Amino acid sequence: MEPCAVLRDTFGHPAFRGGQEAAVRAVLAGRDAVVLLPTGAGKSMCYQVPAIMLARQGRGTTIVISPLIALMNDQVGALRGRGIAAGALHSHSSDDERAATTAALLRGELALLYVSPERAVLDGFQRLLGRTRIAMLAIDEAHCVSQWGHDFRPEYLRLGEVRRALEVPTIALTATATPRVLAEIQDVLGMRDPEVVCGDFRRPNLTFDVQHRGRDDARLAATIEALDRAGLRARAGAGRAIVYCSTRKKTETVAGELASAGFAAGHYHAGSTAVARERAQRGFALGKLRILVATSAFGMGVDLPDVRVIVHFQAPGSLEAYYQEAGRAGRDGDPSQCLLLFGPSDLVTQRKLADHARHDHEAALAAIEAYARGGRCRQQILCDHFTGVAGQFLCGLCDVCRDPDAVRDARHEAAVDPIVTPLSAEDRQLLLDALAAHRRPVGKGNLAKALRGSRAKAITVQGLVHLPQHGRLAALDEASIVAAIDQLIRERRVVRRGNKYPTVALAGAASRGDTARAPRVPRAPRGPRTQTSVTLALDTYRKRVARQLRWKSYMVFQRSTIAAIETQRPITLEALEKIPGLGPAKIARFGNDILAVVRKHTRDDRA
Ligand code: ADP
Ligand code: ZN
């Protein structure tokens, strides 16, 4: 009997899909196999077809290790429906079921036995296997062996023992194909020269877009736009959408907002009661809810063909999670959209949620950030990530393929603050004082440089280093000072002279108005502004960061921000949110450092 006959007669599939046949032939030839196929590609055929053939040849039962009880039950039910003897042993089986399954196994009747990893590693179970004939071992979700992965399960580390005890061809299956995970699977399971089947991770019917949105109202607007574009506002009709959020609370608020915007939306998370979850899932499957707002708890084993839109309201913690969740769109092959809304605060949220079983959550976050900020075809980034090789293809559909310039601009906008900082009244007065003290016209740029403390030649020869205001605006950047001078010109408090090398000087005589406050005679220099250690330390810090990032220091944060930190002395990230000039992006990047500075110097001050 040929594998394709089993595929056709038992499962009704006319032909193998990419990769399936190679895996089937390898295990039938007695070899090990590692199958790296994206979700939905058909991994189960890779072990079910050979299992059926081996059972028919009297070679024994195939043991399938699977971590999800619901999936096990689905598979067993589907196989039985096709006339295949299959059973499952897990913590939810009743005593009767367990006894019946064990008896069928020992009589050699089962083609496939599904077991949870917890059970598989029990001595009792291994003794049971010793009393019957086993043909093959299949390990589903094999990336769970990886301590670096997002689904690490400690029992998986002990599956190598099971394999060694059984000494049968072993097939490991997963949708995560990074070289590291592949190596760990082979290593932990002790596989010998396995056939490695690596599938195609491209999804030609999916459009992957990223939008940089910091605030929830902007995210909501983007979500609604995506849902409307897919025609999902109507109460009934074809297609549905999943909106993924990182936290339970967020699923509820977003679902509420969508419902009040007129969508048939519900929410789903692991904190709801079983009844509520069941109701949401059923409503969504039946099309009563067209939009399900969910945490990552939703979706495993759910296979709805016509999910037209997947919005990630917040970025998930890894590209694996993103691809798995976004990949639930368009299973029917029709065009569908995957939209990631990305704000740097998402990284903060993910750090809070960080699953410490995952050792490399920072690297995982960096990967998703690179995806969001990247200027390369989104599908290319995803495929490269999963296969570990740099691909060449362009999907032609994603936002980067469609309009790389627009994506680049949006990225820059999201990353950089407005260029100039308005000066405080006090600093503006200081500018006027400097012009009054200098008494001669001076170039805007040179004046700005002098106020920032420059001792460059041009500044020295003009005597600007001797101004009492020299260096007093060191915490501001040149562009902001120049912009303030321009503003003073517009207000006619300062005049501009000359064309080729324009200079500025104080307007009119010191007889009235503003100029009265800018006496011609230099005032005695005010003592150095009281700068406490927090201000100094933060200024040093932002200069250092600016150098590293090749930013201007005001892009790190502005002097007014330092001043606010100085007075408020925040000690938590939440408190930082109240500081003007510190948005989620800045807090994500610099928040902990700022807090460390405040802590250190607050202690010093008190000491
Ligand atoms: P995975 O475990 O890789 O996510 P499944 O094994 O659940 O995928 O298969 C996904 C879907 O693809 C199922 O509906 C299955 O019936 C279908 N399928 C698998 N192999 C084939 C094939 N060779 N031809 C057509 N459909 C297939
Ligand atoms: Zn593309």
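Scroll up to find the structure this text is about.
Here the structure is a predicted model, which means the values were calculated and not measured. (Residues numbered from 1 in each chain as written. Chains lettered and ligands numbered in written order. Predicted model: local features only at pLDDT ≥ 70, side-chain atom pairs only at ≥ 80, totals over all residues. Heavy atoms only, no water.)

Colleague: Please provide a residue-by-residue account of the site of ligand 1, values included.
Modeller: Lining the immediate environment of ligand 1, one finds 13 residues, of which Ala15, Gln20, Gly40, Lys43 and Ser44 sit closest. Between ligand 1 and Lys43 there is a distance of 2.9 Å, counted from an oxygen atom to a backbone nitrogen or oxygen. Burial of ligand 1 by the protein chains amounts to 71% of its free accessible area of 560 Å². (Near = heavy atom within 4 Å. Polar contact = N/O pair within 3.5 Å; in protein donor to acceptor, adjacent residues only side chain to side chain. Areas by Shrake-Rupley, 256 points an atom, 1.4 Å probe, with all protein chains shown as cover.)

Colleague: Tell me about the pattern of salt bridges, residues and numbers included.
Modeller: Per the counting criterion, the structure on display carries 32 salt bridges. For Arg163, the salt bridge identified is with Asp32, shortest N-O distance 3.2 Å. Linking Arg163 in helix H8 (residues 159-166) with Asp32 in the loop between helix H2 (20-28) and strand S1 (33-36), this pair joins segments that are 131 residues apart in sequence. Each member of the pair, Arg163 as well as Asp32, is classed as buried. (Salt bridge = Lys/Arg side-chain N within 4 Å of Asp/Glu carboxyl O. Helix = DSSP H or I, 4+ residues; strand = E, 2+ residues; numbered from the N terminus. Buried < 20%, exposed > 50% of the residue type's maximum accessible area, 1.4 Å probe, protein only.)

Colleague: I'd like to hear about the sheet that holds strand S9 (residues 240-244), residue by residue, with values.
Modeller: Here six strands make up an open sheet; going across it, the order is S8-S13-S12-S9-S11-S10 and the pairing parallel. At either end of the open sheet lies a strand with only one pairing partner, and these are strand S8 (206-212) and strand S10 (265-268). Between one strand and the next, the sheet's axes are offset by a mean angle of 15°, whatever the strand orientation. Note: S9 against strand S12 (residues 307-312), five bridges, orientation parallel. If you follow Tyr244 over to S12, its bridge partner there is His312. In the packing of helix H10 (residues 216-229) onto the sheet, the strands contacted are S8, S9, strand S11 (291-294), S12 and strand S13 (336-342), and the crossing angle to S13 comes to about 175°. Seen against the sheet, helix H12 (residues 274-286) touches S9, S10 and S11 and runs at an angle of roughly 140° to S9. (Pairing = 2+ DSSP bridges. Axes fitted to C-alpha atoms, helices over the stretch in contact; angles between N-to-C directions. Contact = heavy atoms within 4.5 Å.)

Colleague: Describe the coordination of the zinc ion (ligand 2), and please don't skip the residues or the numbers.
Modeller: Here the zinc ion (ligand 2) is held by Cys377 (SG), Cys395 (SG), Cys398 (SG) and Cys401 (SG), and the distances to it run 2.3 to 2.4 Å. The coordination sphere of the zinc ion (ligand 2) comprises four donor atoms, whose angles at the metal cover 104 to 119°; the geometry is tetrahedral. The sequence motif formed by the donor residues of the zinc ion (ligand 2) is C-x17-C-x2-C-x2-C. Residue classification places Cys401 among the partly exposed positions, given a relative accessible area of 24%. (Donors = N, O, S within 2.8 Å, 3.2 Å for Na, K, Ca; no water. Tetrahedral: all angles 85-135°; square planar, octahedral: opposite > 155°, others 65-115°.)

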